[in-house]
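Per-entry structural report
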Amino acid sequence: MKYNWKNTAKNIGLFCTLFTTYFISLNTSAKAAETVVLRYGQWEESISVTDLQSIAETGQVPQKYKVYTNKFPLEERQKFLKALQTESRVNFVTLSRLLNTSVGSTILQDFARLTSRKDDAGMQALRTGLVLGAKANEGLSIINFIQNYPSDRLVINLAEALPVFKNLNLSYQQTEQFRKAITPRLAAKPTSLNLSFDPSAAGNGKVKVINLPKLNDEQRQRLVPVDIYWSDSVSPAKPVVILSHGFSSNRKDMRYIAEHLASHGFVVAAVEHIGSNEKYKIDLTDLTKSKLADMKPQEFLERPQDISFVLDELEKLNQTDKHPLQGKLTTDNAMVIGHSFGGGTALSIAGAELQVDSLKERCPQFLRTTVSAGEGLQCVAKDLPENRYQLHDSRIKQAIALNPTSSIMFGETGLEKVQIPTLILASSADKTTPALNEQIISFNKISSPKWLIGIVGATHSSIKDPISTAQREEKKGEEKVGKEAVDIRKYMKAITLAFASQMTSEANEYKIFLTPEYAQYASTQAFPIRLVTDIPDDILKEINNAVSNNQQ
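Since we're looking at a predicted model, the values are computed, not measured.

Next up on the list: the pattern of salt bridges. On inspection of all chains with the given rule, the structure shows 20 salt bridges. We note a salt bridge from Arg220 to Asp306, for which the minimum N-O separation is 2.8 Å. Of the two residues, Arg220 is situated in the loop between β5 (216–217) and β6 (222–223) and Asp306 in helix α12 (residues 299–318); the sequence distance between them amounts to 86 residues. Each member of the pair, Arg220 as well as Asp306, carries the same accessibility label: buried. Glu299 is the salt-bridge partner of Arg222, the closest N and O atoms lying 3.1 Å from each other. Residue Arg222 is located in strand β6, and its partner Glu299 is located in helix α12; the two are separated by 77 residues in the primary sequence. Take Glu299: its relative accessible area is 4%, and that puts it in the buried class. Members of the salt-bridge network, linked through shared partners, are Asp217, Arg220, Arg222, Glu299, Glu302, Arg303 and Asp306.

A separate point is the environment of Phe443. Structurally, Phe443 is set in helix α16 (residues 435–443). Under the relative-accessibility criterion, Phe443 is labelled buried at 1%. With residues near it in sequence (within four places) discarded, Phe443 still touches Ile424, Lys450, Trp451, Leu452, Val532, Thr533, Asp534 and Ile535.

The next thing to look at is helix α2 (residues 49–58). Within α2, burial applies to Val49, Asp51, Leu52, Ile55 and Ala56. Looking down the long axis of α2, one finds its buried residues gathered within 165° of arc, a one-sided arrangement. What points out from α2, more than 90 degrees from its buried face, is the exposed set Thr50 and Glu57. Where α2 terminates, the next one or two residues include Gly59, which has phi positive at roughly 80°.

For the rest of this paragraph, the subject is the pairing of strand β9 (residues 267–271). Counting buried positions over the 5 residues of β9 gives 5, a clear majority of the element. Because side chains alternate across β9, one face comprises the buried residues Val267, Ala269 and Val271, and the other comprises Val268 and Ala270, equally buried. Relative to β9, strand β7 (residues 226–231) runs antiparallel, the two being bridged by 4 bridges. Within β9, the position partnered with Tyr229 by the bridge is Val268. One ladder, built from 5 bridges, connects strand β8 (residues 240–244) with β9; its direction is parallel. When the sheet's bridge partners are listed, Ser244 is paired in β9 with Val271. Running through helix α11 (residues 255–263), the crossover from β8 to the neighbouring parallel element β9 is right-handed.

About the thresholds
Along each chain, the written sequence defines residue order, and numbers are assigned to residues from 1. With the structure being a predicted model, the display of local features is reserved for residues of pLDDT at least 70 and the display and counting of side-chain atom pairs for 80 or more, all residues being used for whole-chain, interface and lining totals. The side-chain figures draw on all heavy atoms in the structure; neither hydrogens nor water molecules are used. Think of a salt bridge as a Lys or Arg side-chain nitrogen and an Asp or Glu carboxyl oxygen that are within 4 Å of each other. Where helices and strands are cited, they refer to DSSP runs of H or I of at least four residues and of E of at least two residues respectively, numbered from the N terminus. For every residue, the accessible area obtained with a 1.4 Å probe (protein chains only) is divided by the maximum for its type, and the residue is called buried under 20%, exposed over 50%, and partly exposed between those limits. Every residue pair with non-hydrogen atoms within 4.5 Å of one another is taken to be in contact. To obtain the arc, one takes the directions from the helix axis to the C-beta atoms. Any two strands between which DSSP finds at least two bridges are classified as paired. We call a crossover right-handed when, viewed with both strands directed away from the observer, the connection leading from the first strand over the helix to the second proceeds clockwise.

Following this line, the structure appears as structure tokens:
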């Protein structure tokens, strides 16, 4: 029979391009594979890993393979070569955690359709190849994945490539497309502001910390560890501030923000959510034995309840004789700051409705392919028993959501129920909670007053305290943290103080710091910063283009 080489070439080129895109977009990467078998229908060809590596390094195809490659259109051959040569530093820690969850297992099951091994061993082999490949010094590539795939032979079914990859993790790709489209409009204009003080400078108060590691909510039988930051300049006229950390993190993640606000007279309670804290990690030194304990769906309800419980406990301290905080806490006038999953928590307690029925409808589509870590995390909530949850605490009067998870957990209308001043931060290089889907589109659903801050070049962990990112800084991964992110943390100090101060008599003094002009003033060459209070129609058009183009 006459074989259609043109169609084969298209599928091979598509596969190679998408295969690389998949690895790069995931935020992450035994006995190594020595031979790769490319299979499409009745056509099959073997190629050694050594030859693949040679092609990637030299750009030249060995003579013995030219009988096949010469049949491919030139454009497809170029795509194939580019796919082999593409390398990217990816966050293997994030990848490891995602692939060791129930969501990750579903992703691997779907991805296993491309190989001849669909058993548990085959899934583990895929997981190992991805994670170990991502740890390579030069970054993750097809070659590194294959070299770390724990089998001497890897079969790839090209016919399965299109259905598996058609709806791949597009969130970050869409964000990149959107960023490129609007970059020309983001050119910084020279900004000169006459400022009477620097909001990023520490206040006059000497910061003190009260550690409550065994605070227990007896009604829920749940520990809620808390660190309370305050200073001798604490003012009862200022709101209590609650900090909510992200998944697989702890209550010290935003310590520098807590210390900064405390030095200016605020009382800050950094809460630890024990059902999604740093214990939810895996041992990256031995991937064959590591298994991430799945976070329970109930955690989406427990987190906001942790915050409500802490507010109750702070009110008790406020009324406790001779306690250093007696009479200094206004717990019915509070602000919440959350990062990542904590940002989703902040939006929940600020009024956003958790719409489980929407998750049940949408998550099967996500889980048939690869999702971002943020989307995968939100899909855990689809197993909650009720269709809708309202977790609003009326004591929360303002909310800051930093790189929040919000794209699918609140459905189409849940965010419309947020009726308090809300500030959202988006980072252009965030692959964990990609900016377009998780923050920018979500921002448009929230009622005013609201602020959206975008930091070009910042990553998911850029706002975190150096104590939480020390290991990543040492490893020089793709996350911009530690010393690299000093300017970002400086701006975080300024903006959180300015926003919290809107609930005090000093509101007018701090309004200037919540303007587009100050955002540009605070920008650096490495990290341009932009702030808006609404999204213009022309930008909304670019958002729709970025999303619709990738859904065709």
